[in-house]
Each structure stands twice: as C-alpha cells, then as structure tokens.
Amino acid sequence: MTSRRCTGAILAGGRAVRMGGKPKGLELVGGRRILDRVADALRGATDAVILVANDPGADAWLPGVRVVPDLRPGHGPASGVHAALTAAGTDVLVVAWDAPFIPVGLLRALRTEGESANAGFVAPTSDSPWGFEPLCAWYAHAATSAVETVLATPGAGIGALASAVPTIRYDASSWGAPDAIFLNVNTPDDLERANAIARDTR
C-alpha cells in the first residue's frame, strides 16, 4: 500500500423491490454472502472498510465495521458516495454490495491508477449506460465538493462526476468478462446466474 490512505466503502443501498424487499447483499453466492465477498475484496485493496447503509439492522451485518448513513438521502448512489467520502475523510474505493465478483486485483489497480495520476475519479469501462462503472470505482477525497454539486443538480447521477473532475476510464478486460465481474444481483434470476458463475469458477 501507499502512504496515501484509502477507505473501502460498501454501498448497501436500494429498496431491493425486485428481490421481494430482501437485503440483496445478504443473499448467498457460492455459499457465501455477497456482502462478505465484497468486504473481503475491499479489505485486500484498502486501509479500512466502512458500510454505507440506512437499514436499521445494518449494524449486525458486519460486526466491527463502522456503519455510515446517507447524509443527503434520496439521490441514489450519489448519496452513498457522498456519505462515504464525508465519513472516511480519505480517498474511497466504492463497491455496491450486490456485486459478488469484483476482483481484488482490479480494486488495487483502480487505487494505484488514481493515486499515481492524481485523478479525481477512476472507473472501469463497461457496457453500463455511463460507459463505466461508478459503483466499482475510486474517488479522490478532493472530489467531495464535486459530488455535492452532483447532488444539487436535478436529474444528475453519480456518473456525471466524470465531466466535473479529472477522470480515468480504466480498461478492466484483463480481469474477466465485464458481464460477469460487474454482475449485480438485483433479481432472483441474477442470483441464479451468479451461483452458476460461482460453480463454474471453483
């Protein structure tokens, strides 16, 4: 690790409507909770881990891990990123809690890229609507004010940050197929697919 500190932030947001309201990150993939998979990946790439969650039961999900609520709820993932940056007081590596296959090596690479280039935001390219993954990304603490601007802009999502701060779009193809490593478990079908991937990669 470098002398510059970085906090891993697990974003446990969303109402999980398509999962029947059940907390998505507590579902099992390959016999392990998705949340534990994400936490382990972040622990291998950061100096500390926090959990950004508004659920009243979140304190019990990862014993010993600090739980941080949204400070400005109602803005989707941007609220979670803002809460993480504010609470951590450091750069943050953000991962959504429903993404079971984010490689620790990719997270380390995003951190290294951001620190070495003194960027504001580093995200892997993908087929998402933004063309990159804002919920598997490194955010410089210096980008906090730009995130606040996003929050104050009607209709803007966290991906809008890419036009406000020095941004690196990182080619993650060497880490695996994007549709697998960036799979989010939003539905029962997604959960079935994730378990199939887990079986195939044993």
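Our subject in this report is the structure included herewith. Remember, it's a predicted structure, so these values are computed and weren't measured experimentally. (Residues numbered from 1 in each chain as written. Predicted model: local features only at pLDDT ≥ 70, side-chain atom pairs only at ≥ 80, totals over all residues. Heavy atoms only, no water.)

1. Here's the deal with the packing of aromatic side chains
- The tally for this structure, following the rule as stated, stands at four aromatic pairs.
- Here tryptophan 61 and tryptophan 97 contribute two aromatic rings whose centre-to-centre distance is 4.9 Å and whose plane-to-plane angle is 25 degrees, an arrangement assigned as stacked. Highlighted residues: tryptophan 61 in the loop between β4 (48-53) and β5 (66-68) and tryptophan 97 in the loop between β6 (91-96) and α3 (104-117), separated in sequence by 36 residues.
- With a relative accessible area of 9%, tryptophan 61 lands in the buried category.
- Judged by its relative accessible area of 4%, tryptophan 97 is buried.
- Here a set of aromatic residues connected by ring pairs shows up, and it is made of Phe121, Trp130, Phe132 and Tyr139. (Phe/Tyr/Trp six-rings, centres within 6.5 Å; stacked < 30°, edge-to-face > 60°. Helix = DSSP H or I, 4+ residues; strand = E, 2+ residues; numbered from the N terminus. Buried < 20%, exposed > 50% of the residue type's maximum accessible area, 1.4 Å probe, protein only.)

2. Side note on the sheet that holds strand β8 (residues 136-139)
- Sheet architecture is open: seven strands sit in the order β5-β4-β1-β6-β8-β7-β9, paired in mixed fashion. Every other strand in the sheet has two partners, leaving β5 and β9 (167-170) as the edge strands with one partner each. Shown here is a sheet whose adjacent strand axes are inclined to one another by a mean of 25 degrees, direction ignored.
- With respect to the sheet, helix α1 (residues 34-43) is in contact with β1 (6-12), β4 and β6, its orientation differing from that of β1 by roughly 165 degrees. (Pairing = 2+ DSSP bridges. Axes fitted to C-alpha atoms, helices over the stretch in contact; angles between N-to-C directions. Contact = heavy atoms within 4.5 Å.)

3. Structural notes on the nonpolar core
- Formed by 45 residues in total, the largest nonpolar core has its most connected members in Ile10, Leu51, Leu107 and Leu110.
- Looking at which element gives the most residues to this core, the answer is α1, with six residues.
- Contacts of leucine 110, omitting those with residues within four sequence positions, involve Leu93, Val122, Ala123, Pro124, Cys136, Ala137, Trp138 and Tyr170.
- Within the second largest apolar cluster, 27 residues are counted, among which are Ala9, Val52, Val92 and Ala162. (Core = buried A, V, L, I, M, F, W, Y, C linked by side-chain atoms within 4.5 Å.)

4. Considerations on unusual backbone geometry
- You will see that asparagine 118, though not glycine, has its phi angle at about 50 degrees, which is positive.
- Here asparagine 118 lies in the loop between α3 and β7 (121-124).

5. Description of the packing of helix α2 (residues 77-88) against helix α4 (residues 144-152)
- Here α2 crosses α4 at 150 degrees, and the two axes come no closer than 10 Å. Classified by the interaxial angle, the pair formed by α2 and α4 is roughly antiparallel. By crossing handedness, the relation of α2 to α4 is classed as left-handed. Residues Ala78, Ser79, Val81, His82, Leu85 and Thr86 of α2 pack against Thr144, Val147, Glu148, Val150 and Leu151 of α4.
- Of the residues assigned to the contact of α2 with α4, the class counts are six nonpolar, four polar and one charged. (Parallel < 35°, antiparallel > 145°, perpendicular 65-115°, else oblique. Left-handed = near helix turned anticlockwise from the far one by under 90°. Nonpolar A, V, L, I, M, F, W, Y, C, P; charged D, E, K, R; others polar.)

6. A few points about helix α6 (residues 188-200)
- Between its terminal C-alpha atoms α6 stretches 19 Å, which fits the 18 Å expected from 13 residues at 1.5 Å a residue.
- Tucked into the core, α6 has its buried residues touching β2 (28-29), α1 and α5 (178-181). (Expected span 1.5 Å × (residues − 1).)

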